[in-house]
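Structural description and commentary
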Amino acid sequence: MNRLAIPRKNTHVIKLKLSPFEFLNSDKLYFTVKQIPDDDKTDSKAVIKAEFIVGTNVQIEPDGRVFLTLSPKQTDIDAGDYYYDIKLIRGELAQTLVFGELKLLPVVNLEK
């Protein structure tokens, strides 16, 4: 299990090392955050849902490092403890790559 800490209402880049995994253009990565894990296939209780598509809005380095950028709007949820996962979808393949606990940190300045 991997822990993440994200300052609330800030741009945040999630950095992953997934080497030697090779991504293909049009692979989809889903970053989902919930207060508690559940079996809801619609993710209706997710407080953050972000979709990233390889070749569009994902930065992947040759050494396997992956960078997923969350916007301040996406991180504008209540500070506290959550759970997250990052899932890869490629055709019929659906694989959770990373999961764990997430702490959304309170910040002093909440401008914009």
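It should be noted that the structure appears before, not after, this text.
Residues numbered from 1 in each chain as written. Predicted model: local features only at pLDDT ≥ 70, side-chain atom pairs only at ≥ 80, totals over all residues. Heavy atoms only, no water.

**Describing the layout of surface pockets**
- Within this model, the largest pocket holds a volume of roughly 440 Å³.
- Every residue lining the largest pocket is counted, 20 residues in all, and those nearest its centre are Thr32, Lys34, Asp43, Asp85 and Lys87.
- Taken together, the residues of the lining of the largest pocket sort by class into nine nonpolar, two polar and nine charged. (1 Å grid on protein atoms, 1.4 Å probe; cavity = no way out; pocket = protein on both sides within 12 Å on 5 of 7 lines; lining within 4 Å. Points joined across faces, edges and corners; volume = space filled by probe spheres on them. Nonpolar A, V, L, I, M, F, W, Y, C, P; charged D, E, K, R; others polar.)

**Things to note about the nonpolar core**
- Residues Leu29, Phe31, Leu68 and Leu102 are the most contacted members of the largest nonpolar core, which totals 25 residues.
- When contributions to this core are tallied by element, the ones reaching two or more residues are β1 (4-7), β2 (12-17), β3 (28-34), β4 (48-53), β6 (65-70), β7 (80-90) and β8 (93-105).
- At four residues, the largest contribution of residues to this core is made by β7. (Core = buried A, V, L, I, M, F, W, Y, C linked by side-chain atoms within 4.5 Å. Buried < 20%, exposed > 50% of the residue type's maximum accessible area, 1.4 Å probe, protein only. Helix = DSSP H or I, 4+ residues; strand = E, 2+ residues; numbered from the N terminus.)

**Topic: the packing of aromatic side chains**
- Within the structure shown, the criterion is met by one aromatic pair.
- Their ring planes at 35° and their centres at 5.9 Å tell us that phenylalanine 31 and tyrosine 84 sit as a pair that is tilted. Linking phenylalanine 31 in strand β3 with tyrosine 84 in strand β7, this pair joins segments that are 53 residues apart in sequence.
- Relative accessible area serves as the criterion here: at 0%, phenylalanine 31 is assigned to the buried category. (Phe/Tyr/Trp six-rings, centres within 6.5 Å; stacked < 30°, edge-to-face > 60°.)

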